[in-house]
Structure formats: C-alpha cells, structure tokens
Amino acid sequence: MQNEPSLPTPGSFDHAPRTRLVFGAHAVEKVGVLAAELGAKRVLVVTDKGIVTAGHAQRVEHLLQAVGLGVVIYDQVRENPTTRDVDECVKVARAAAIDLFVGLGGGSSMDTAKGCNFILTNGGQMKDYWGVGKATKSMLPLIAIPTTAGTGSECQSAALIADEHSHQKMACLDPKVAARIAILDPELTVSQPPRVTACTGIDAIAHAVETAVTKKRNPLSLMYSHEAFKLTVTSLERVLSHPLDVEARGRMLLGAALAGTAIENSMLGAAHSAANPLTAHFGIVHGQAVGMMLPLVVRFNSAEPAALRAYAELASAPEIACVSEGLEVARDALVARLEKLLNLAGMPRSLVDCGVRRETIPALAEEAARQWTASFNPRKISSDDFVRLYTMAFERRGDGA
Ligand SMILES: [Zn+2]
C-alpha cells in the first residue's frame, strides 16, 4: 500500500534542545546582551581573516564592548582546522583568561572554538576527546554566529579537528561543547563568496536528505530533516542568482541550522562516508564531494523499501513530487532536483574532473566503508558497494547521466 505513511516506529532517543536559536535580520546586534546574560566578562571571538575583512569581526567586537565586556580576537582560523590550530587558539584564550567563546564564521571557526574549549577547560590533547562524552569537567559557554549556511555546526555538539600530522579527522562529541546560543542573522551570510554559497548550500541540502533516511531517524529528527529540506531546496537557486536576497538567505541559514539539529538526532549516511576520503586525499571541498556522491547514494539506498519510501516522502515535503504518484516516481523527481541544483551550483559532476586517480578507488572504498557515518546508512553498504559508487562517479557525464 503506497499511501501508508512510513514513519518509523520510534526507537529510543534522548533529545534536549541544547542550543537556543535567535533568528532574524540584525539578530547579531543582540550578541552583547546575550553574552552578558551568560555571565561573560572577557570574550574570545574565534574567526578567520575573511570575516575580519568583511567587517563582521569588528562589528561583533564593538557590540560586545558596548555592554562593557573585554574582547580578544583570534582571527587565525583555517579551513579544516587541525590540532595545531586548536593549540594556537588555546594559547590566546589562556593568556586572555576568557570566560566565553564567540565562534564567528563558517564551520571551521566553530570547530576551532569548540576544540579550544575542550583543551582549555579539560586539559590534555584533542585525541583524548575523540569519541562521545569524554570530557569530565564543565566547559565555557559558546555563542555561535554562522556566516555561511551549510555545516549546521552551530546546532551540533561535535568538534571536528584533524590531527596535524596524520590528517585523521577526529569527531569529538560532547553535549557540553554545543553552543549555548546560535545567532542566525541572514545579513551576515550575504558576504559569502559565490563558491562558498554553492558548496555550503549543497552540503546543507545533503544533510537534510541523508538525515531523512538513516537508521537512527525518528519522528522528531524527520521533523527537522523535512523542514530543513523544504527551506533549502527551494532557496538555493535564488541565493545563487540573487545573492543579496536576504529573505532567501534567511531560509538557507535557518534550513542549515535545522539540518544540523537533524544530524544531532539522526547522524548521516553513505554520501558523507564516500565524501570524506575524497576530501582527505584529493582536497575536494566537502560540499562538492558530498554533492557528487549524493544522487548515486540515493539510488543505491532505494533498493531498501523503507529508504525508498522515506525519499519519496522527503520529495513530497516541498512538493517536488507526491507520494501518491508512486514511490519510484517521487524518488526520481528528488534525484532530478538534486542533479539540477548540483549543475546550477557549478559542482563538478565526475571524479575525472577532480584529479582523482582511478587506481585509488579500492583504497578510497575501504576507507569509506570504515567511516562512522556508514554504520547509519539505511542500506548495509560494503567496500565493494563503495567501489561501484566511486566507479559510477567516474563514468558519469556533466549532465548527471
Ligand atoms: Zn556535510
């Protein structure tokens, strides 16, 4: 019976909204009052040079100073931060005797602030916190202010930090490291370069799609996934063609945050498992790598009836399709919309275009199968399956065929 809803029987979950969301145009102006509410006296703003150049760091500094808070800026954040970046940030935080973090920027700024928070408050090294709930002492409050609409890190209790030498990415999860408040101000995202808008937007959509089908999905996580998908899939084209449209930027920003909340509850799937080795070994930008693999993973997972139905229902949320037309029809409409957006966003569509060497496929597939996210994929997936997916990603053409 195709029309029966597919809501999974709720398994056990434990969900406490950890991050207060403050959304709206000019929301950033509340940062001083919100920091004071959290009892701050001295604040470390963790950000990158691009955000300083855009003027956002200075604005936040003035807003914090206006309510009498001391402010120190750490503006050395790099993409995909490593243990060295965290160590540098800790030195600054310790010397300034801070009592609150502001993570201002993309996912890397928030990851650096979170990584620094672990070490500053609990000591030791990043690898001590690799895994779930390894920190025993309380941490400093964090206010996250995203300037991209993508990672959803502002709503996640994870710091992603790579080892400086091995480049192994360590996911350090702890409820205490989640931002206490996320300030979602669409106007701050207008300054994103077009490539960043495209890559982070595709990543946010991939988060909505993957979280909607994982083994851990539940009625609560689906609520976030579906709403995130509706907001982002209908707005990405608009922000690409009209970057100054603040309303569309707002929908992307809120959608990315809701998708981040969905990840907290549902984890991710095989598109992320396949993407991570491509980023680690060939430097392919995360959103590009995820986008390239996502349509292939949707088709692969559709062999699992419950996943096929979940994709069809996801496609029905923003009326891309209707479940009553048939599950395959709805899934195909979903894939067609993803392909269209990937092309509009100028994403590379074949691994040939990304400098990946064909002979590396078996090693990449082994690594993909070992990713934590693979264990949540709705269809069991082996390294042989990843070999087939990577091979398809080599052989496809730019039109997604
Ligand atoms: Zn992602």
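Predicted model only: the values in this text are computed from it and were never measured.

Parameters and conventions
- Residues numbered from 1 in each chain as written.
- Predicted model: local features only at pLDDT ≥ 70, side-chain atom pairs only at ≥ 80, totals over all residues.
- Heavy atoms only, no water.
- Helix = DSSP H or I, 4+ residues; strand = E, 2+ residues; numbered from the N terminus.
- Contact = heavy atoms within 4.5 Å.
- Polar contact = N/O pair within 3.5 Å; in protein donor to acceptor, adjacent residues only side chain to side chain.
- Donors = N, O, S within 2.8 Å, 3.2 Å for Na, K, Ca; no water.
- Tetrahedral: all angles 85-135°; square planar, octahedral: opposite > 155°, others 65-115°.
- Buried < 20%, exposed > 50% of the residue type's maximum accessible area, 1.4 Å probe, protein only.
- Expected span 1.5 Å × (residues − 1).
- Pairing = 2+ DSSP bridges.

Caption draft 1: Representation of the environment of Arg-78. For Arg-78, the position within the fold is in the loop between β3 (70–74) and α4 (83–96). With 30 residues separating them in the primary sequence, Arg-78 and Asp-48 have C-alpha atoms 6.9 Å apart. Setting aside anything within four residues of it in sequence, one finds Arg-78 in contact with Arg-84, Asp-85, Ser-108 and Glu-164. Side-chain polar atoms of Arg-78 contact the side chain of Thr-82, separated by 3.5 Å.

Caption draft 2: Representation of the coordination of the zinc ion. The protein atoms that coordinate the zinc ion are Asp-203 (OD), His-207 (NE2), His-272 (NE2) and His-286 (NE2), at distances of 2.1 to 2.2 Å. Around the zinc ion sit four donor atoms; with metal-centred angles ranging over 86 to 166°, the donor geometry is irregular. Sequence spacing of the donors to the zinc ion: D-x3-H-x64-H-x13-H. Note that Asp-203 and His-207 are positioned in helix α6 (residues 194–211) at a spacing of four residues, about one turn of the helix. This pair shows no difference in class: Asp-203 is buried, exactly as His-207 is.

Caption draft 3: Layout of helix α10 (residues 270–282). With 13 residues, α10 extends 18 Å from end C-alpha to end C-alpha; this agrees with the ideal 18 Å at 1.5 Å per step. Residues of α10 that are buried include every one of Ala-270, Ala-271, His-272, Ser-273, Ala-274, Ala-275, Pro-277, Leu-278 and Thr-279, and no others. Where α10 is buried, its residues touch α6, α11 (286–301), α14 (361–370) and α15 (383–395). At the exit of α10 stands Gly-283, carrying a positive phi of roughly 65°.

Caption draft 4: Up close: the pairing of strand β8 (residues 169–173). In terms of strand pairing, strand β5 (residues 131–132) meets β8 through two bridges, oriented parallel. Within β8, the residue paired with Val-132 across the bridge is Leu-173. The sheet contact formed by strand β7 (residues 158–162) and β8 spans five bridges and is antiparallel. Looking at β8, one finds that Ala-159 is bridged to Cys-172. Between β7 and the antiparallel strand that follows it, β8, lie six residues; His-167 among them carries a positive phi value of about 65°.

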